[in-house]
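This is what each chain is made of:
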Amino acid sequence: MDTDIQRCFRSKTVFLTGATGFLGKVVIEKLLRTTEVKRIYVLIRPKRGVEIKDRIITWSKDAVFELLLKSKPEALQRVCPIAGDCLDFDLGISESDRRLLASEVQIVIHGAATVRFNEPLHVALAINTRATKLMIQLGKEMRQLEAFVHVSTAFSNCVIYNIKENFYPEHLNCSSDKVLAMAELMSDELLDNMESALLGSFPNTYTYTKALAEDVILKEAGGLPLCIFRPAVIIAAHKEPISGWIDNMYGPMAILFGVARGVLRIATIDHNAEASLVPVDYCANLTLACTWKTIDEGNGMGTQETPVIYQLAPVEQNKITHGEFIRHALDGRTNCPLTKMIWYPFIHCITVPWLFPLAAFFYHTLPAYFFDLALWLSGRKPRLVKVYQKIHKTLGILGPFACKSWRFDMRNTDHLRQQMSEEDRRIYYFDMVSLNWKEYFLQALRGMRQFLGNEAPTPESIAQGKKLIKRLKLLHHILQGVLCFVALLALWWLVRILV
């Protein structure tokens, strides 16, 4: 017998943007595996020489759909690609496809976004803000529309540190309609040159343009059955579809992988700051749950003055600090080490900005030159110095989020969960109170090893990693001893000179 959420999606047609992204894939997998959804239209950006249908066909080889295809081998046939691009002024959707969507779609999940913090403003504005406006316009053409879910980010209002499930248009220097109007009149270069003036207190173009997108919704979504979902930083899956599954190296997972490789050894991270992390399967489940709630309330905008906002982040009674995150990450050294490491995994965290360049030189840059010299002498292409240049740039961008704490109100999310049936809470789980962070990171590290490191999850492979890490640990301690001896010798020599 169907649960409330399963009944909500039965025989429905869904239009999903951001389908090829991390969260998008998990939403599609959960929809197909747990509901009898009729069809899922997905917006796919055309690639030269590759048919958009072929991009869907390749999903059959993706690990994220393995569990689904075991129980429903034909499930992906219900996924229908729509050629389009959020960078285009009309979303790149043909007139015939637009008419098709307008006549058939009942549920829209708008998750497309560029999540690069250093994206040029004109690109981030087009994808994150203008595309949201265009999607709202398309939604108003959909004659059967029952729910429109906009996937935002919990950091769309990161200029304050206690964020409620409200809109915050007062934090924008300029309203969304004015910024979009300026973008139409200016060249991309001129708009990018105005970045600092427009962003104000926002730390990057990602959070700024996501805040603008919410302002677009506040101004233009009247009459639509719409809600907003704001997840915190999305990380590897906890339980489904595969425990530990991850397909990208953004944010915290990039740090985990860099440490595990023995590449990242110093970072600007405050041990005491709270880490705002949420597993991707929790986010997918809440996306489907708030869709059900929007439909259940009956054209949400008809009963709400403004769209309902649902936030998902760690809760006060089960929070995790960056220090705990680092400790869990280092547990991987003994539990599931990689077979390809350049040094023994460790990391030192500093919070003094001026000290980082000095420390990075001795921990990263100087060893990189020796490593690249060895590569050059062996006839291979030097690469580590350039890698560290990219790492330091990334750490500079992530710095503000690794040294501060945010608190996120989740009253709407908690109320939604309370209204779900017991069976729906079991299938579409997103309770952050019950998440065991230690157990979670053990699985996340194994997933990182398998899906990012491309290393087999076999006892033999793990044994090989443990053998390597023993050698690297010995070399690490020998180097520490040598450096201490040199430092003492230099100190003794200095004292002799002064005396």
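Cut-offs applied
Residues numbered from 1 in each chain as written. Predicted model: local features only at pLDDT ≥ 70, side-chain atom pairs only at ≥ 80, totals over all residues. Heavy atoms only, no water. Helix = DSSP H or I, 4+ residues; strand = E, 2+ residues; numbered from the N terminus. Rg over C-alpha atoms; globule rule 2.2 N^0.38 Å. Buried < 20%, exposed > 50% of the residue type's maximum accessible area, 1.4 Å probe, protein only. Contact = heavy atoms within 4.5 Å. Areas by Shrake-Rupley, 256 points an atom, 1.4 Å probe, with all protein chains shown as cover. Lys, Arg positive; Asp, Glu negative; His and termini not counted. Charge placed at Lys NZ, Arg CZ, Asp CG, Glu CD. Disulfide = S-S within 2.5 Å. UniProt positions renumbered as here; feature names shortened; annotations may be inferred. pLDDT = per-residue confidence, 0-100. Core = buried A, V, L, I, M, F, W, Y, C linked by side-chain atoms within 4.5 Å. Domains from an automatic or database assignment. Salt bridge = Lys/Arg side-chain N within 4 Å of Asp/Glu carboxyl O. Pairing = 2+ DSSP bridges. Axes fitted to C-alpha atoms, helices over the stretch in contact; angles between N-to-C directions. Buried area = accessible area lost by both parts, 1.4 Å probe. Nonpolar A, V, L, I, M, F, W, Y, C, P; charged D, E, K, R; others polar. Polar contact = N/O pair within 3.5 Å; in protein donor to acceptor, adjacent residues only side chain to side chain. Phe/Tyr/Trp six-rings, centres within 6.5 Å; stacked < 30°, edge-to-face > 60°. Expected span 1.5 Å × (residues − 1).

From N to C terminus, the protein chain includes 21 helices and 13 strands. For 499 residues, the compact-globule estimate of 2.2 N^0.38 gives 23 Å, and the C-alpha radius of gyration of the protein chain, at 25 Å, lies within 12% of that figure. Once the C-alpha set of the protein chain is aligned to its principal axes, its extents read approximately 85 × 50 × 50 Å. Put simply, the protein chain has 499 residues, and 53% of those count as buried. Taking the contacts inside the protein chain whose residues are at least 6 apart along the sequence as the reference set, 83% of them involve residues at least 24 apart. With the model as given, the accessible surface of the protein chain reaches about 23500 Å², and the carbon-plus-sulfur share is 56%. A distance of 9 Å separates the average location of the 58 positive side-chain charges in the protein chain from that of its 50 negative side-chain charges.

On to the state of the cysteines, then. This model, assessed by the stated rule, comprises zero disulfides. Free of any disulfide, Cys174 has its nearest neighbouring cysteine sulfur in Cys158, separated by 18 Å. Classification of Cys174 as buried rests on a relative accessible area of 18%. Residue Cys290 stays outside any disulfide, its sulfur separated by 3.9 Å from that of Cys227, the closest cysteine.

This part covers the UniProt feature "domain: Fatty acyl-CoA reductase C-terminal" (unreviewed entry) in the protein chain. Following the UniProt record, one finds the feature "domain: Fatty acyl-CoA reductase C-terminal" (unreviewed entry) at residues 363–455. Helix makes up 70% of residues 363–455 and strand 2%, with an end-to-end C-alpha separation of 27 Å.

Per-chain confidence: the protein chain averages 91 in pLDDT, with 98% of residues scoring 70 or above. Note that residues 299–303 has pLDDT below 50 and, in this model, 15 contacts with residues that lie over four places away or in other chains.

A word on the UniProt feature "transmembrane region" (unreviewed entry) in the protein chain. Under the UniProt annotation, "transmembrane region" (unreviewed entry) lies at residues 474–495. The span residues 474–495 is 100% helical and 0% strand by assignment, and the distance between its end C-alpha atoms comes to 32 Å.

Attention now goes to the nonpolar core. Grouped together as the largest cluster of nonpolar side chains are 121 residues, with contacts concentrated most on Ile28, Leu32, Val42, Ile109, Leu312, Trp437 and Phe441. The element contributing the most residues to this core is helix H12 (residues 280–296), with 10 residues. In terms of domain composition, this core takes at least three residues from each of domain 1 (4–247 + 276–318 + 406–436) and domain 2 (322–400 + 453–498). With sequence-adjacent residues up to four places away left out, Phe441 is seen in contact with Leu256, Leu277, Ile320, Phe325 and His328. One finds Val108, Ala112, Ile127 and Tyr208 within the second-largest nonpolar core, a separate group that totals 43 residues.

Attention now goes to the pattern of salt bridges. For the structure on display, the rule yields 23 salt bridges. Across the pair Asp409 and Arg411 runs a salt bridge whose closest N-O atoms are separated by 3.4 Å. What makes Asp409 buried here is its relative accessible area of 17%. Judged by relative accessible area, which is 62%, Arg411 ranks as exposed. A cluster of three or more residues bridged by salt bridges with shared partners is formed by Glu29, Lys30, Arg33 and Glu240.

What follows deals with the sheet that holds strand S5 (residues 147–151). A sheet is described by the order of its strands in space; here seven strands give the open sequence S3-S2-S1-S4-S5-S7-S11, paired in parallel fashion. In the strand order of this sheet, the two ends are held by strand S3 (79–83) and strand S11 (308–312), each with one partner. Taken pair by pair, the neighbouring strands of this sheet meet at an average axis angle of 20 degrees, ignoring direction. Both strand S7 (residues 226–231) and S11 contribute to a ladder of five bridges, which runs parallel. If you follow Pro231 over to S11, its bridge partner there is Leu312. Where helix H2 (residues 22–34) meets the sheet, its contacts fall on strand S1 (13–17), strand S2 (39–44), S3, strand S4 (107–110) and S5, and the angle it forms with S2 comes to roughly 165 degrees.

Right, let's talk about the domain arrangement of the protein chain for a bit. Domain boundaries assigned for the protein chain yield domain 1 (4–247 + 276–318 + 406–436) and domain 2 (322–400 + 453–498). The C-alpha centroid of domain 2 is placed 38 Å from the C-alpha centroid of domain 1. Listed by partner, the interface residues are four residues for domain 1 and five residues for domain 2. When the two sides are added together, the surface that domain 1 and domain 2 hide from each other amounts to roughly 370 Å², 78% of it contributed by carbon and sulfur. Three residues, Phe117, Asn118 and Leu277, lead the burial of domain 1 against domain 2; their summed loss comes to 71% of the area buried on that side. At the boundary of domain 1 with domain 2, the tally comes to zero salt bridges. Considered class by class, the residues forming the side of domain 1 that touches domain 2 number three nonpolar, one polar and no charged.

Right, let's get into the side chain of Thr114. Tracing the chain through its elements places Thr114 in the loop between S4 and helix H6 (121–141). Polar contacts involving the side chain of Thr114 include one to the side chain of Glu119, which spans 2.5 Å. Ignoring anything within four residues of it in the chain, the contact list for Thr114 reads Glu119, Ala124, Ile127, Asn128 and Tyr206.

It is worth spelling out the packing of aromatic side chains at this point. Taken as a whole and judged by the stated rule, the model has 17 aromatic pairs. Relative to Phe401, the ring of Phe117 lies with its centre 5.3 Å away and its plane at 50 degrees, an arrangement referred to as tilted. Taken together, the positions of Phe117 in the loop between S4 and H6 and Phe401 in helix H17 (residues 384–402) put the pair 284 residues apart, joining distant regions of the chain. Relative accessible area serves as the criterion here: at 15%, Phe401 is assigned to the buried category.

Each turn of an α-helix holds 3.6 residues, which means side chains three or four residues apart point in the same direction. Along its 16 residues, helix H10 (residues 205–220) runs 22 Å from first to last C-alpha, staying within 8% of the 22 Å computed at 1.5 Å per residue. Judged by how many residues are buried, H10 sits mostly within the fold: 13 of 16 residues are covered. Its side-chain oxygen 3.2 Å from the backbone nitrogen of Tyr206, Asn204 forms the N-cap of H10.

Right, let's get into the environment of Ala284. Looking at the secondary structure, you find Ala284 in helix H12. As a C-alpha pair, Ala284 and Lys25 span 259 residues in sequence and 9.1 Å in three-dimensional space. When near neighbours in sequence (up to four residues on either side) are disregarded, Ala284 contacts Leu23, Val26 and Val27.

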